[in-house]
Amino acid sequence: MAASDTPSAGVIAFLRQSKLRILVLSVVLVIPCVWHRRIEAGDLASHVYNAWLAQLIGKGQAPGLYIAKQWNNVLFDVVLLRAANLVGMAAAEKIVVSACVLIFFWGVFAFVAAVTERPPWFLTPCIAMLAYGYPFCMGFMNYYLSLGLACFGLAILWRGRGIDWIAGGLIAALAWLAHPIGFLWLLGTLAYVRVRANMPGWWKLAMPLAAASGFAALCLYVAHRPALMADWDRGPFYLYNGADQLWLFGTRYVWLAGAALFLGLVCAGADLYSRRKDNHWWRQFELPLELYVVTFCAIVLIPENLRPPPEGAWIGLLGSRLTTISAIFGLCVLGGSKPRKWHLAGFGICAAVFFAFLYQDTGWLNRLEEHAEELARELAPGTRVIVMIDAPADSRMEFVDHAAERACIGHCFSYANYEPSSRQFRVRVLEGSPVVTSSADDAQDMASGQYEVQDEDLPIKQIYQCDQKDLTRLCIGDLEAGGTNGRTGGKAPGR
C-alpha cells in the first residue's frame, strides 16, 4: 500500500490480491451473530424493542410516544427500523448487527494498516476479539458503529489528499449520525497529527503536554460543578489500558485479558530487542504510542458518569467505553512489529478461548430470554411490566434485563424502558403515556428496585428471577400501589 502512487490505488491492489482472504474472514467474523437464535448484546435488545415501538408510533398504536428529530446517536436505530420494515425485526437485527461488526473490524484493520503501512494480518485475532468486546456486548451499537466509521475515516485521511477528503468528510458525517464520540475522536486525532507534523524537533512534546493539560482542566471544571453530578467510579485507573475490553461476563475474562496483554508486551519487547542496533527503531512506534498515552490520560481524567440536564438521563460509562480507543492505538503500536508466525498462533489461541467463553455466556442469556418469551406470550396484549433481572455477581455486563424487554415485542410494554425518558434517542415520551414512564428518575428507580408503585401505574406486573440456583428461571407477579417493586428474586449470585 505504501509503495503505490496513491492511497486509493494501494487499496484497490490490496482488495484484488486479498479478496478471498477478506471474504473468508468476513464470513467467520459474523458467526457469533448467528450461532444462537438471538444476538445477546445488552442494550441491543433495548434498541430492537424501541424499533418496534417506532413501528407502533407510525401506526398510531403507541399513545404518548413520538419520534424526535435529532442528528446524532441515531444511525443504528434508523437503519434497523428501515431494515425491519423490509424484512422483519428478527432478520433485520441479524443483518444490521452483522454489518456493524464488519464495519468495525475492517475499519480498525484499515486504520492500523494506514498507520503501520502494511496489512496487520497477524493481528486479526486481536481485532476480532475487540470487535466483540465491551461496547458490543454492552450493546452500545451507535457508539460501536461510530468508532468503526471513524477508523475508516482516519485510514482514508491519515495520508489523504485531494478527493480523499471528500470521502473522509462523508464518513465523518455518518460517524456523527451514529454517535458524537466517534466523530470527535476522528476530528481530534486528525487535528493532533496534522499540527504535530508541522512542529519541529522537541517542540512536538508540546502536543501531548497540551492535550493532558486540557483534559486536566476539564476534570477540574467538572469536579467543581456539583450540578453535573459527575463521578470517577471505575476502579483503579491502571486496569483500563485497553485490555479491559475483553473483560466481559466474569472473572475468567480478566485472566484472558491479562494473558492477551502479556503476549502483546512480549511481542513488542521481542521486536524491540531484535532492532536494538537500529538507531531509528523508535520512529515507527513514536506517534501511535504517543496517541495511546494521550488517550490513557483522557480516560484517567474524564468522569465515568455525569448528568448535564437534571431532567434527562445519565451519560454513563464514558471511560469504560473510551478504552476501546486505547485498544485501537495499542494495536497500532503492536502493528509496527515485524510479523512472526508465533504472534498469530499466540493471539489465535487467545481468540479461540475468548469466543468459546462468549458462546457459553451468550447461550446462557439465550435461555433466559427464551423463558422471558414464554411468560410474555401468556400476557394480555398491552400489559405493562417492570423487568427486574440481575446479571451474575461477577459479570461486568449490566443490561441483561433488556433481554426480557425484547421478549415483550408483540405482547407487552416495558414500563421502565429508559430510552424514551432519557431524551437521548429518537423515541420520546410525553407525560402520562400508558406505554412507558416519562420520568428518567422513575425509570432508574424501577431498574434498581426502589420504585414506589402509584395508583395510576396499575395494572402492572413484574418479571423477576425466582430461583437463585438457576438465574435463567423467571417468574411474573402483580405489583400493588404503595409497594416498592424491589428485587423480588433476590440478589443474583455468580453462576
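Conventions used here
Residues numbered from 1 in each chain as written. Predicted model: local features only at pLDDT ≥ 70, side-chain atom pairs only at ≥ 80, totals over all residues. Heavy atoms only, no water. Disulfide = S-S within 2.5 Å. Salt bridge = Lys/Arg side-chain N within 4 Å of Asp/Glu carboxyl O. Helix = DSSP H or I, 4+ residues; strand = E, 2+ residues; numbered from the N terminus. Buried < 20%, exposed > 50% of the residue type's maximum accessible area, 1.4 Å probe, protein only. Pairing = 2+ DSSP bridges. Axes fitted to C-alpha atoms, helices over the stretch in contact; angles between N-to-C directions. Contact = heavy atoms within 4.5 Å. Phe/Tyr/Trp six-rings, centres within 6.5 Å; stacked < 30°, edge-to-face > 60°. Lys NZ or Arg CZ within 6 Å of the ring centre and 35° of its normal. Core = buried A, V, L, I, M, F, W, Y, C linked by side-chain atoms within 4.5 Å. Patch = residues over 30% accessible without salt bridge, like charges linked within 9 Å, V, L, I, M, F, W, Y side chains within 5 Å. Areas by Shrake-Rupley, 256 points an atom, 1.4 Å probe, with all protein chains shown as cover. pLDDT = per-residue confidence, 0-100. Parallel < 35°, antiparallel > 145°, perpendicular 65-115°, else oblique. Left-handed = near helix turned anticlockwise from the far one by under 90°. Nonpolar A, V, L, I, M, F, W, Y, C, P; charged D, E, K, R; others polar. Expected span 1.5 Å × (residues − 1).

**Quick notes on the state of the cysteines**
Next up, step 1: Under the definition given, this model contains two disulfides.
Next up, step 2: Within the chain, bonded cysteines paired by disulfides and numbered along the sequence follow the pattern 1-2, 3-4.
Next up, step 3: Just so you know, Cys137 is unpaired, no disulfide at all, and the nearest cysteine sulfur is the one on Cys33, 10 Å from it.
Next up, step 4: Looking at the unpaired Cys350, the closest cysteine sulfur is the one in Cys126, lying at 7.4 Å.

**Side note on the pattern of salt bridges**
Next up, step 1: Under the defined criterion, the tally for this structure stands at 11 salt bridges.
Next up, step 2: Among the ionic pairs, Glu117 bridges to Arg159, the shortest N-O distance being 2.7 Å. Linking Glu117 in the loop between α5 (89-116) and α6 (124-131) with Arg159 in the loop between α8 (141-157) and α9 (164-178), this pair joins segments that are 42 residues apart in sequence.
Next up, step 3: A relative accessible area of 40% places Glu117 in the partly exposed class.
Next up, step 4: Judged by its relative accessible area of 40%, Arg159 falls in the partly exposed class.
Next up, step 5: In this structure, Asp478 engages Lys461 in a salt bridge whose closest nitrogen and oxygen atoms are separated by 2.6 Å. Of this pair, Asp478 sits in strand β6 (residues 474-478) while Lys461 sits in strand β5 (residues 461-465), and the two are 17 residues apart along the sequence.
Next up, step 6: When its relative accessible area of 58% is taken as the criterion, Asp478 is described as exposed.
Next up, step 7: Accessibility expressed as a relative area gives 25% for Lys461, which makes it partly exposed.

**Some details on the sheet that holds β5**
Next up, step 1: Taken in spatial order, the four strands line up as β3-β2-β5-β6 in an open sheet, and their pairing is mixed. Every interior strand has two partners, whereas the edge strands, β3 (412-414) and β6, have only one. For this sheet, the mean inter-axis angle between neighbouring strands, taken without regard to orientation, is 35 degrees.
Next up, step 2: Across three bridges, strand β2 (residues 383-388) lies against β3 in parallel orientation. Within β3, the residue paired with Arg384 across the bridge is Phe413.
Next up, step 3: Packing of helix α15 (residues 341-377) onto the sheet brings it into contact with β3, β5 and β6, and relative to β6 it is tilted by some 35 degrees.

**Looking at the packing of aromatic side chains**
Next up, step 1: Considering all chains together, one arrives at 24 aromatic pairs under this definition.
Next up, step 2: Between Tyr49 and Trp52, the ring centres sit 5.7 Å apart and the planes meet at 50 degrees, which makes this aromatic pair tilted. You can see Tyr49 and its partner Trp52 sitting in helix α3 (residues 44-58), three residues apart, about one turn around the helix.
Next up, step 3: Under the relative-accessibility criterion, Trp52 is labelled buried at 12%.
Next up, step 4: Put simply, the rings of Phe104, Tyr132, Phe136, Tyr144, Phe249, Tyr253, Phe354, Phe355 and Phe357 touch in pairs and so form one group of aromatic residues.
Next up, step 5: The ring of Trp121 is capped by Arg21, whose NZ or CZ atom sits 4.5 Å from the centre of that ring.

**A word on unusual backbone geometry**
Next up, step 1: In this model, Leu458 is joined to Pro459 through a cis peptide bond whose omega is -10 degrees.
Next up, step 2: Here Pro459 lies in the loop between α18 (440-448) and β5.
Next up, step 3: The phi torsion at Glu117 lies on the positive side, around 65 degrees, for a residue other than glycine.
Next up, step 4: Despite not being glycine, Arg423 has its phi angle at roughly 60 degrees, a positive value.

**Quick look at the pairing of β5**
Next up, step 1: Of all five residues that make up β5, four are buried, and the element is covered over most of its length.
Next up, step 2: Of the pairings in the sheet, the one linking β2 to β5 comprises four bridges and is parallel in character. Residue pairing across strands places Met388 opposite Tyr464, the latter belonging to β5.
Next up, step 3: Inspection of the sheet shows β5 paired to β6 by five bridges, in the antiparallel sense. Following the sheet pairing, Ile463 is matched in β6 by Ile476.

**Examining the nonpolar core**
Next up, step 1: Among the nonpolar cores identified, the biggest contains 141 residues, and Phe111, Phe136, Trp185 and Phe354 are the most heavily contacted of them.
Next up, step 2: Residue contributions to this core peak at 15 residues, all from α5.
Next up, step 3: In contact with Phe354, not counting residues within four places along its chain, are Met129, Tyr132, Leu246, Leu248, Tyr253 and Leu256.
Next up, step 4: If you look at the next biggest cluster of nonpolar residues, it comprises 11 residues, including Ala416, Met446, Ile460 and Leu479.

**What about a nonpolar patch on the surface?**
Next up, step 1: Together, Leu20, Leu23, Val24, Val27, Val28, Ile31 and Val34 give the surface a local cluster of nonpolar side chains, amounting to about 640 Å² of exposed area.
Next up, step 2: Among the elements that make up the nonpolar patch, the one with the highest residue count is helix α1 (residues 7-29) (five residues).
Next up, step 3: By relative accessible area, which is 47% here, Val28 ends up partly exposed.

**Structural notes on the confidence of the model for the chain**
Next up, step 1: Confidence in the prediction of the chain, expressed as mean pLDDT, is 87, and 94% of residues score 70 or more.
Next up, step 2: Mean pLDDT per element in the chain: α1 is the minimum at 81, and α6 is the maximum at 96.
Next up, step 3: Confidence drops under a pLDDT of 50 for residues 1-5, and excluding neighbours within four residues, the segment shows eight contacts in the predicted structure.
Next up, step 4: This model gives residues 489-495 a pLDDT under 50, and the stretch forms 22 contacts once residues within four places in sequence are excluded.

**Focus on the packing of α3 against helix α4 (residues 75-87)**
Next up, step 1: α4 packs onto α3 with a crossing angle of 60 degrees between their chain directions and a minimal axis gap of 10 Å. When the interaxial angle is binned, α3 and α4 end up oblique. The chirality of how α3 crosses α4 is right-handed. For the pair formed by α3 and α4, the contact residues are Leu44, His47, Val48, Ala51, Ala54 and Gln55 on the first element and Phe76, Asp77, Leu80, Leu81, Ala84 and Asn85 on the second.
Next up, step 2: Class assignment of the residues belonging to the contact of α3 with α4 gives a composition of eight nonpolar, three polar and one charged.

**Notes on α5**
Next up, step 1: Look at α5: 40 Å from first C-alpha to last across 28 residues, which is about the 40 Å you get at 1.5 Å a residue.
Next up, step 2: Burial analysis of α5 places 21 of its 28 residues in the buried class, which makes it a mostly covered element.

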